[in-house]
Amino acid sequence: MVALAVAVPDADAQRRNRNDDEQASNAENRTMSAAIGEPILAAQACLDEENYTCVLNTLTPLLGREINSYERFIILRMRGVAYYSQDNIPAAIRDFEGAINTGAGLLDENTALRTNVGQLYIITERYTEGINSLEQALREGADLTAGLSMLLAQAYAQADRYSGGLRYAESQYNMASPRERRNYDMLLLYYQQLERVPDQLRLISDMVERWPGDRNIWTSLVALMARTNNESGAFEANKLMYLNGMLTDERELVRLAQYYSYFEYPYRGAVILEREMNAGRVSRTNENLEILANMWRQAREYERAIPVLQAVAAQGDGEDYLRLAEALYNENRLAEAENAFETSINRGGLSRPGDAIALLGNVRYELDNRQGALAAFRQCTGYSYSRRTCTGWISFITNEINAETQRAELRVRVDTEECRNTVREAINLVTITGSEDDFDEEGRAIINVPERCQNYFDQYGDQIGGYGFEQAAAETEEDSESDAG
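Residues numbered from 1 in each chain as written. Predicted model: local features only at pLDDT ≥ 70, side-chain atom pairs only at ≥ 80, totals over all residues. Heavy atoms only, no water.

Per an unreviewed UniProt entry, the protein goes by the name Tetratricopeptide repeat protein and belongs to Hyphobacterium lacteum.

And the structure:
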């Protein structure tokens with residue numbers, strides 16, 4: 001801006017090759033008298049010395065004289081530069097526009113002045129007027145350079161006229177050589193405001209390659225991919241950011257771990273989250289601990305999930321204890337699992353308590369506590385969604401107990417019959433070959449009853465009264481009762 005403004009007195013040099021015909025035809029109109037020429041030379045000397053007050057004091061009185069349009073053009077153009085240098089922008093604009101309105105300037109001179117006026121309007125936030133002036137300069141033949149394109153793109157953006165300014169935003173980007181960050185940022189702003197998502201993605205991808213260490217660019221890329229439901233792309237970008245040490249915020253670290261879980265790499269996600277918790281970058285809130293525990297469970301790393309679940313359950317509700325119980329069960333820590341299931345049920349707040357009670361029945365059954373299991377399964381029949389399962393378990397366990405009773409009865413029957421034959425043979429043997437000592441005083445044969453038969457027959461070979469099928473069934477029931485205990 002400063003370079004353009006200061007160069008105004010020599011603006012015709014910018015396009016001297018294009019002005020020969022025009023200057024020749026207007027030569028008679030571009031003359032300057034000695035009376036005006038000498039003070040203008042003096043003013044130019046003051047301008048070279050940056051003595052702007054001297055310039056103003058020298059030139060201003062000349063405007064009150066009888067001067068031609070060319071002299072007025074030169075005076076106003078030089079005085080405009082002095083005003084600009086003193087930061088008197090309104091006065092500079094007034095003089096530059098006055099110089100243009102004299103009609104004495106060549107096309108390229110007027111174009112240069114319009115360019116400067118446009119810049120000054122933009123400086124003073126009069127964006128529409130600035131745009132109009134700059135585009136008038138373009139219509140009059142000004143070159144659309146990378147710098148002018150950037151200026152117009154900025155002005156259109158400040159005026160919230162993104163559709164109209166897009167061509168300048170793309171022009172400044174395409175013409176910049178080499179491209180700088182500001183060229184990318186300006187074009188990206190337009191694509192964002194106009195919601196041109198594919199263009200945004202293309203441009204940000206280029207920026208990531210150009211500035212791979214810039215965290216803000218990566219963050220923009222992740223946000224854009226998430227916005228376009230490109231979860232896999234966002235995941236890959238987050239991974240690269242983490243590997244390059246760009247993820248430091250707790251939410252970003254947790255999100256990365258969740259991405260691993262979402263894409264079925266829960267073990268890796270849990271390792272990262274646990275590491276960041278140990279490093280203190282992720283807080284051990286119940287919410288974060290639940291995320292970690294769920295990842296360990298998803299990875300079937302129940303042993304590593306249990307300590308986390310215990311910490312969560314200590315401050316949580318029945319659902320938290322239920323997750324702990326399930327992890328303990330999967331690790332075959334049945335007694336602890338039983339306690340955790342009972343606690344989860346007692347604490348309440350379960351979305352499906354019937355299922356939890358059914359799981360408690362399963363654990364008790366595996367602990368050989370069939371009566372406790374039956375009690376749990378009878379309780380969970382009170383819930384419609386678990387009734388069928390629990391009823392099935394009740395039938396299974398009941399049939400199992402009945403089958404054992406029947407097997408006991410059969411065992412007694414078989415053993416009794418076998419022992420009966422054994423005892424009969426023993427009595428016959430004693431009767432035939434026995435001595436006096438083999439008979440009691442009443443003459444009854446005394447036999448040695450094998451140990452396996454002593455529950456059924458006494459020393460005389462008589463079946464022991466009261467022992468039989470009923471007693472065998474009772475012993476089976478006692479076994480079940482001891483299980484419950």
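## Overview of the overall build of the protein
Tallying secondary structure elements over the protein gives 24 helices and zero strands in all. A buried classification covers 43% of the 485 residues belonging to the protein. The contacts in the protein between residues at least 6 apart in sequence include a share of 51% that link residues at least 24 apart. (Helix = DSSP H or I, 4+ residues; strand = E, 2+ residues; numbered from the N terminus. Buried < 20%, exposed > 50% of the residue type's maximum accessible area, 1.4 Å probe, protein only. Contact = heavy atoms within 4.5 Å.)

## Description of the pattern of salt bridges
Counted under the stated rule, the structure contains 27 salt bridges. In this structure, Arg281 and Glu276 form a salt bridge, with 2.4 Å as the shortest nitrogen-oxygen distance. For Arg281, a relative accessible area of 41% gives the class partly exposed. We classify Glu276 as buried; its relative accessible area is 3%. Overlapping salt bridges bring together Arg30, Arg77 and Glu109 as one network. (Salt bridge = Lys/Arg side-chain N within 4 Å of Asp/Glu carboxyl O.)

## Some thoughts on the environment of Glu417
Tracing the sequence through the fold places Glu417 in helix H23 (residues 384-433). Look at Glu417 and you get partly exposed, because its relative accessible area is 41%.

## Quick look at helix H9 (residues 146-158)
Given a rise of 1.5 Å per residue, 13 residues ought to cover 18 Å, and the 18 Å separating the end C-alpha atoms of H9 matches this to within 8%. For H9, the set of buried residues is Leu148, Ser149, Met150, Leu151, Leu152, Ala153, Ala155, Tyr156 and Ala157. Looking at the packing, one finds that the buried side of H9 touches helix H7 (107-123), helix H8 (127-139), helix H10 (162-175) and helix H11 (181-193). Where H9 ends, the next residue or the one after it, Asp160, has phi of about 60°, a positive value. (Expected span 1.5 Å × (residues − 1).)

## Structural notes on helix H3 (residues 34-48)
Spanning 15 residues, H3 covers 21 Å between terminal C-alpha atoms, matching the ideal 21 Å at 1.5 Å per step. Those residues of H3 not exposed but buried are Ile36, Gly37, Pro39, Ile40, Ala43, Cys46 and Leu47. Those residues of H3 hidden inside the fold are in contact with helix H4 (52-59) and helix H5 (69-85). Phi turns positive, to about 60°, at Glu50, one or two residues after H3.

## Brief notes about the packing of aromatic side chains
As enumerated under the stated definition, the model contains 15 aromatic pairs in all. Ring centres of Tyr383 and Tyr385 lie 5.9 Å apart, and the angle between their planes is 40°; this geometry places the pair in the tilted category. With a relative accessible area of 30%, Tyr385 lands in the partly exposed category. With centroids separated by 5.8 Å and ring planes inclined at 90°, the aromatic side chains of Trp393 and Phe396 adopt a geometry described as edge-to-face. In this pair, Trp393 and Phe396 are both assigned in helix H23, three residues apart and thus about one turn of the helix distant. You can call Trp393 partly exposed: its relative accessible area is 24%. One aromatic cluster is present, formed by Phe235, Tyr259, Tyr260, Tyr262 and Phe263 through successive ring pairs. (Phe/Tyr/Trp six-rings, centres within 6.5 Å; stacked < 30°, edge-to-face > 60°.)

## Some points on the packing of helix H17 (residues 286-298) against helix H18 (residues 302-315)
Remark: H17 packs on H18, axes separated minimally by 8 Å, with the N-to-C direction vectors making an angle of 150°. Classified by the angle their axes make, H17 and H18 are roughly antiparallel. In this structure, H17 crosses over H18, and the sense of that crossing is left-handed. Between H17 and H18, the residues in contact are Asn286, Leu289, Glu290, Leu292, Ala293, Trp296 and Arg297 and Tyr302, Arg304, Ala305, Val308, Leu309, Ala311, Val312 and Gln315, respectively. Across the contact of H17 with H18, the residue classes tally to ten nonpolar, two polar and three charged. (Axes fitted to C-alpha atoms, helices over the stretch in contact; angles between N-to-C directions. Parallel < 35°, antiparallel > 145°, perpendicular 65-115°, else oblique. Left-handed = near helix turned anticlockwise from the far one by under 90°. Nonpolar A, V, L, I, M, F, W, Y, C, P; charged D, E, K, R; others polar.)

## Comments concerning the side chain of Ser261
Relative to the helices and strands, Ser261 resides in helix H15 (residues 250-262). Assessed through its relative accessible area of 15%, Ser261 is described here as buried. Among the polar contacts listed, one links the side chain of Ser261 to the side chain of Gln298, at a separation of 2.5 Å. When sequence neighbours within four positions are dropped, the list of residues in contact with Ser261 reads Pro266, Met295 and Gln298. (Polar contact = N/O pair within 3.5 Å; in protein donor to acceptor, adjacent residues only side chain to side chain.)

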